[in-house]
Amino acid sequence: MAFRFPWRKPAGAPAVPESKAAGYGFVALHMEGEARWTRRDYAGLAREGFMRNPVAHRAVRMIAEATAAMPWLVYEGADDLAAHPLLDLLERPNPAQAGAAFMEALYGYLLISGNAYVQLIDSGAEARELHLLRPDRVTVATDAGGWPVALDHRENERRQRIPLGEGGALHLKLFHPLDEHYGFPPLEAALMALDIHNAAGRWNQALLDNSARPSGALVYAPKEGGNLTDEQYERLKAELEDGYSGAARAGRPLLLEGGLDWKAMGLTPKDMDFMEARNGAARDIALAFGVPPMLLGIPGDNTYANYQEANRAFYRLTVLPMVMRTARELSAWLSPLFGDDVRLWFDADQVFGLTGERDALWARVGAADFLSEDEKREAVGYGNRGVGE
């Protein structure tokens, strides 16, 4: 076949009537459509994950609420201070948020985007406030050597550059193997499982809206041959739309006349192993966040003996490591404002989920006859009684 470009007849050429050439047929190429994945940005992960997926939503809420409820401690040297301006700042970071709400939002940003940005506003005379910056509105600015030096924050038409470090901003981020300036969110690692879980829900809803049955085709193949007339075709189409479509007509039997046969064109839920695929995707999402599936009510793959054991593993493997790194980052950032000997930490003894381990520790230390009373106190995190007590 010869093709000439452009495909138009030359000026003045006689018109050639169109006709179908004999010996040629119609060829249709069918290809599988590629999967459509959620966009790997903050808005896409927040919308499809936290706002539309119950497993991801609950996992983020569990981690954020557990970490935000951790009590803070301030040490000056080796002394535990009952009152300190740093504790007051963390108790009320800004007029719009209390300490728990502020920390819950911080951990929520960190889990969904892999980044959390905190701005310090210092008005002098110990009038300080902490504010969170939404991750999708922040860009990390670097110097000529590629080192991060500031945050560019934009909101509508307003632009602001905030220096990183003391008196400016703090950037908390999760480890990213391919980017040294931004963090990697756990939700992105579970993106395929997230889309499968959401797609299963949409498919189930569409199935219910379609009379709880997959799509199919009516095949007209009478013994004597022939096709439906236009009147018969329109009548059959109207009967299907009026009598058999919609969730309210689910389960209604289809009455077929002579020569009509129903051919299903979709896989059944059994063929797709619908529930197991959905539960498997839910377990992958919980695994990415570090939440035992048992705590989220996901059936199967419950490797823990009971709920209490799973809850202790959740605190030990997920909550405490995140609180530890946050305490170190905040301490290194805020300590210069309150004194070099000031150190921020958390009080794990007040965590309800770890009461079983704390009771076991106290029992073991109390039964150690070879330790003195002061050594026992130090072993469980308390200082010596001192002289005169």
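Here the structure is a predicted model, which is why all the values come from computation and not from measurement.

Caption draft 1: How the structure looks around the overall build of the protein chain. Assigned secondary structure in the protein chain consists of 12 helices and 11 strands. Expressed as a percentage of its 389 residues, the buried residues of the protein chain come to 34%. Partitioning the contacts of the protein chain with sequence separation of at least 6, the portion at a separation of at least 24 is 59%. Within the structure as shown, the protein chain displays about 25,000 Å² of accessible surface, and the carbon and sulfur contribution to it stands at 53%.

Caption draft 2: Main features of the pattern of salt bridges. Under the criterion given, the structure shown has seven salt bridges. Two residues, Arg61 and Glu104, come together in a salt bridge whose shortest N-O distance is 3.8 Å. One end of the pair, Arg61, is in helix H2 (residues 54-68); the other, Glu104, is in helix H4 (residues 99-113), and 43 residues separate them in sequence. Across the pair Asp136 and Arg134 runs a salt bridge, and its minimum N-O distance is 2.8 Å. Look at Asp136 and you get partly exposed, because its relative accessible area is 27%. One continuous salt-bridge network, built from bridges that share partners, spans Arg61, Glu65 and Glu104.

Caption draft 3: Main features of the nonpolar core. Judged by nonpolar contacts, the single largest core of 67 residues is most densely connected at Trp72, Phe289, Val291 and Phe314. Considering every element that reaches this core, the biggest residue donor is helix H10 (residues 307-338), with 12 residues. The contact partners of Trp72, leaving out residues within four places of it in the chain, are Leu87, Leu90, Met103, Ala327, Leu330, Leu344, Trp345 and Phe346. Listed in part, the seven residues of the second largest apolar core include Tyr117, Leu133, Val140 and Leu151.

Caption draft 4: Spatial organisation of the environment of Lys376. For Lys376, the location among the structural elements is in helix H12 (residues 373-379). Through-space distance from the C-alpha of Lys376 to that of Gly366 is 7.2 Å; in sequence the pair is 10 residues apart. With sequence-adjacent residues up to four places away left out, Lys376 is seen in contact with Val365, Gly366, Ala368 and Leu371.

Caption draft 5: Highlighting the sheet that holds strand S5 (residues 138-142). Read from one edge to the other, the open sheet built from three strands follows the order S5-S6-S7, with strand pairing classed as antiparallel. Of all the strands in the sheet, just S5 and strand S7 (158-163) have a single pairing partner and so form its edges. Put simply, the sheet's adjacent strands are angled 25 degrees from each other on average, direction ignored. Sheet topology note: the strand S6 (residues 148-155)/S7 ladder contains six bridges and is antiparallel. Opposite Arg154, over in S7, you have Arg159 as the bridge partner.

Caption draft 6: Layout of unusual backbone geometry. If you check the backbone angles, Asn156 has positive phi at about 60 degrees while not being a glycine. Residue placement: Asn156 occurs in the loop between S6 and S7.

Caption draft 7: A look at the side chain of Asn279. Position of Asn279 relative to the elements: it lies in helix H9 (residues 274-289). Asn279 sits in the buried class, given a relative accessible area of 16%. Contact partners of Asn279, with chain neighbours within four places excluded, come to Ile298 and Pro299.

Caption draft 8: Representation of empty space enclosed by the protein. Under the counting rule described, the total for this entry stands at one cavity of 30 Å³ or more. Of the pockets and cavities examined, the largest cavity occupies roughly 30 Å³. Lining the largest cavity, in full, are Leu110, Leu172, Lys173, Leu174, Arg325, Thr326 and Glu329. Sorting the residues of the lining of the largest cavity by element identifies strand S8 (169-173) and H10 as the ones contributing at least two each. The greatest single-element share of the lining of the largest cavity, amounting to three residues, is contributed by H10.

Caption draft 9: Quick peek at the sheet that holds strand S11 (residues 342-346). Overall, antiparallel pairing links the three strands, which are arranged S2-S1-S11 in an open sheet. The strands lining the two open edges of the sheet, one partner per strand, are strand S2 (79-81) and S11. Across this sheet, the average inter-strand angle for adjacent strands is 40 degrees, counted without regard to direction. In this sheet, S11 lies alongside strand S1 (residues 72-76) in antiparallel orientation, the contact comprising five bridges.

Calculation rules
Residues numbered from 1 in each chain as written. Predicted model: local features only at pLDDT ≥ 70, side-chain atom pairs only at ≥ 80, totals over all residues. Heavy atoms only, no water. Helix = DSSP H or I, 4+ residues; strand = E, 2+ residues; numbered from the N terminus. Buried < 20%, exposed > 50% of the residue type's maximum accessible area, 1.4 Å probe, protein only. Contact = heavy atoms within 4.5 Å. Areas by Shrake-Rupley, 256 points an atom, 1.4 Å probe, with all protein chains shown as cover. Salt bridge = Lys/Arg side-chain N within 4 Å of Asp/Glu carboxyl O. Core = buried A, V, L, I, M, F, W, Y, C linked by side-chain atoms within 4.5 Å. Pairing = 2+ DSSP bridges. Axes fitted to C-alpha atoms, helices over the stretch in contact; angles between N-to-C directions. 1 Å grid on protein atoms, 1.4 Å probe; cavity = no way out; pocket = protein on both sides within 12 Å on 5 of 7 lines; lining within 4 Å. Points joined across faces, edges and corners; volume = space filled by probe spheres on them.

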